[in-house]
Amino acid sequence: QLQASGGGLVQAGGSLRLSCAASGSIPSTNYISWYRQAPGKQRDLVARFTYGGSPVSADSVKGRFTISRDFAKNTVYLQMNSLRPEDTAVYYCRYSDYRNDYWGQGTLVTVSS
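Criteria and thresholds
Each chain has its residues counted from 1, running along the sequence as written. The predicted origin of the model limits local features to residues at a pLDDT of at least 70 and limits the giving and counting of side-chain atom pairs to 80 or more, whereas totals for whole chains, interfaces and linings rest on all residues. Remark: hydrogens and water are excluded; side-chain values derive from all non-hydrogen atoms of the structure. Segments assigned H or I by DSSP are reported as helices when at least four residues long, segments assigned E as strands when at least two residues long, and all are numbered from the N terminus. The rule is simple: take the accessible area with a 1.4 Å probe, protein chains only, and divide by the maximum for that residue type; under 20% is buried, over 50% is exposed, in between is partly exposed. Polar contact is defined as a pair of N or O atoms within 3.5 Å, subject to the rule that within protein one atom must be able to donate a hydrogen and the other to accept it, and that residues adjacent in sequence are counted only when both atoms are side-chain atoms. Any Phe, Tyr or Trp ring, taking Trp's six-membered ring, that has another such ring centre within 6.5 Å forms a pair; planes under 30 degrees apart are called stacked, those over 60 apart edge-to-face, and the others tilted. Whether a charge lies above a ring is judged from NZ of Lys or CZ of Arg, which has to be within 6 Å of the ring centre and within 35 degrees of the ring normal. In these notes, a set of buried Ala, Val, Leu, Ile, Met, Phe, Trp, Tyr and Cys residues joined through side-chain atoms within 4.5 Å is what counts as a nonpolar core. Contacts between residues were defined by any pair of non-hydrogen atoms, one from each residue, lying within 4.5 Å.

K.L.:
An account of the side chain of Ser57 is needed here, citing residue identities and associated values.
P.N.:
Counting through the fold element by element, Ser57 comes out in strand 6 (residues 55–57). Owing to a relative accessible area of 15%, Ser57 belongs among the buried residues under this scheme. A polar contact is formed between the side chain of Ser57 and the backbone oxygen of Phe65, at a distance of 3.0 Å.

This is the structure in structure tokens:
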């Protein structure tokens, strides 16, 4: 139901845009969020939409990462700017509402110093 893409290798200070394409069975992109998991660490929330549809980012990425969406394409994006080596992780998109909880397959982002 979710297909994440856009990861890769980038130098510190660079940018990447991740995409999460949702299938037609996903009723609302408002419930799609981005998480990341660095090696040996827990999976953490990176960005999401509020109930009202406003973008919210974790403190660790605030001002650098932005979640957005294209309603026509049923796709959610994560624009990542000013990347740092500590942003290196597998990034996952997730759909979660009161009934369902789906994860995308993850896309690896590696930031070199």
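K.L.:
Help me get a handle on the packing of aromatic side chains, residues and values and all.
P.N.:
Applying the stated rule across the entire model yields four aromatic pairs. A centroid spacing of 6.2 Å and a plane angle of 85° characterise the contact between Tyr31 and Tyr95, whose relative ring orientation is edge-to-face. With a gap of 64 residues between them, Tyr31 in the loop between strand 3 (16–22) and strand 4 (32–37) and Tyr95 in strand 9 (residues 89–96) connect regions that are remote in the sequence. The buried category is assigned to Tyr95, whose relative accessible area is 1%. Here Tyr95 and Tyr102 contribute two aromatic rings whose centre-to-centre distance is 6.0 Å and whose plane-to-plane angle is 25°, an arrangement assigned as stacked. The ring of Trp103 carries the charged tip of Arg43 above its face, separated from the ring centre by 4.6 Å. Lying over the aromatic face of Phe49, Arg69 brings its terminal NZ or CZ to 4.2 Å of the ring centre.

K.L.:
If you had to explain the nonpolar core to someone new, which residues and values would you point to?
P.N.:
Core analysis: the biggest nonpolar cluster contains 27 residues, and Ile32, Trp34, Leu78, Met80 and Tyr91 have the highest contact counts within it. Ignoring anything within four residues of it in the chain, the contact list for Tyr91 reads Leu18, Trp34, Tyr35, Arg36, Val46, Phe65, Leu78, Met80, Gly106, Thr107 and Val109.

K.L.:
So what's going on with unusual backbone geometry? Residues and values would help.
P.N.:
Look at Asn74: it is not a glycine, yet its phi comes out positive at around 55°. Along the chain, Asn74 falls in the loop between strand 7 (65–70) and strand 8 (75–80). For Ser82, which is not a glycine, the phi torsion comes out positive at approximately 50°. You can see Ser82 is positioned in the loop between strand 8 and strand 9.

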